[in-house]
Amino acid sequence: MTSQSASQSPVTVRVFRQRFSSTPRGARLARHLTLNQLHSWGIPYGTDVSDAVGAIVAELAANAVTHGRVPGRDFELRLALLAGSVRVEVADTRSGPPRPPAPGAVRPPRPLDEHGRGFVLVDALADRWEVLDREPLGKTVRAEVDVPGWLALSSRDPAPGDRCCADH
């Protein structure tokens, strides 16, 4: 993902942020709420964008629960409807190894491997993604999926609980 200067920052049209317990139940709830939130933003269930974002959230939340879990600490999901895309950010509080691979460094697993398919899916489904350090601890995986016809979504009235703001 390329960084943009402050004058070219994308405008965030809608934002959803929630913390979840670092458990399989928390990961399932994150995916479920993601699909509901997208639907309320005008991205219907079963569309290519909804399916891609749902799968990305499922993989990143599962990774946060499995590999990024710190006892007593939650993981955070942030969704943003930007000008032209949906941004997904999943943050956990685990620092140090193992660190997720960088874009371009994802290698497909061997046929009998039991793990290693999550970032292959993220790499295939996201139009852009990256791994960022999180202050004071942890990491954030950010992925974006482009939304065709996003302008029609931005003109809709916000659903209750949505925040409209500029992305910082």
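None of these values were measured; they are calculated from a predicted model.

1. Here we look at the packing of helix 2 (residues 48–66) against helix 3 (residues 118–125)
Packed helices, taken two at a time, are described by their axes: the angle between them and the distance between them.
Part 1: One can describe the packing of helix 2 onto helix 3 by two numbers: an axis separation of 9 Å at closest approach and a directional angle of 150°. Overall, the two elements helix 2 and helix 3 adopt an arrangement that is roughly antiparallel. Crossing of helix 2 against helix 3: the hand is left-handed. Between helix 2, through Ala52, Ala55, Ile56, Glu59, Leu60 and Asn63, and helix 3, the contact on the second element is made entirely by Gly118, Phe119, Leu121, Val122 and Leu125.

2. So, the nonpolar core
Part 1: Grouped together as the largest cluster of nonpolar side chains are 33 residues, with contacts concentrated most on Val53, Leu60, Phe75, Leu77, Val86, Val88 and Trp129.
Part 2: Secondary-structure elements contributing two or more residues to this core are strand 1 (12–20), helix 1 (24–40), helix 2, strand 2 (75–82), strand 3 (85–92), helix 3, strand 4 (128–133) and strand 5 (139–146).
Part 3: Broken down by element, this core gets its largest block of residues, nine residues, from helix 2.
Part 4: Not counting chain neighbours up to four residues away, the residues in contact with Leu77 comprise Phe16, Arg17, Gln18, Phe20, Ala30, Thr34, Val57, Val88, Glu89 and Val90.

3. Regarding the packing of helix 1 against helix 2
Part 1: Interhelical geometry of helix 1 versus helix 2 gives an angle of 160° and a closest axis separation of 9 Å. Taken as axis vectors, helix 1 and helix 2 run roughly antiparallel relative to one another. Of the two elements, helix 1 crosses helix 2, and the hand of that crossing is right-handed. Listed contacts from helix 2 to Pro24, Ala27, Ala30, Arg31, Thr34, Leu35 and Leu38 of helix 1 are Ser50, Val53, Gly54, Val57, Ala58, Ala61, Ala62 and Val65.
Part 2: By residue class, the composition of the contact of helix 1 with helix 2 is 11 nonpolar, three polar and one charged.

4. A look at the side chain of Thr140
Part 1: Mapping Thr140 onto the fold places it in strand 5.
Part 2: On the basis of relative accessible area, Thr140 is assigned to the buried category, the value being 10%.
Part 3: Ignoring sequence-local partners within four residues, the contact set of Thr140 consists of Glu89, Val90, Ala91, Glu130, Val131, Leu132 and Arg134.

The rules behind each value
Residues numbered from 1 in each chain as written. Predicted model: local features only at pLDDT ≥ 70, side-chain atom pairs only at ≥ 80, totals over all residues. Heavy atoms only, no water. Axes fitted to C-alpha atoms, helices over the stretch in contact; angles between N-to-C directions. Helix = DSSP H or I, 4+ residues; strand = E, 2+ residues; numbered from the N terminus. Parallel < 35°, antiparallel > 145°, perpendicular 65-115°, else oblique. Left-handed = near helix turned anticlockwise from the far one by under 90°. Contact = heavy atoms within 4.5 Å. Core = buried A, V, L, I, M, F, W, Y, C linked by side-chain atoms within 4.5 Å. Buried < 20%, exposed > 50% of the residue type's maximum accessible area, 1.4 Å probe, protein only. Nonpolar A, V, L, I, M, F, W, Y, C, P; charged D, E, K, R; others polar.

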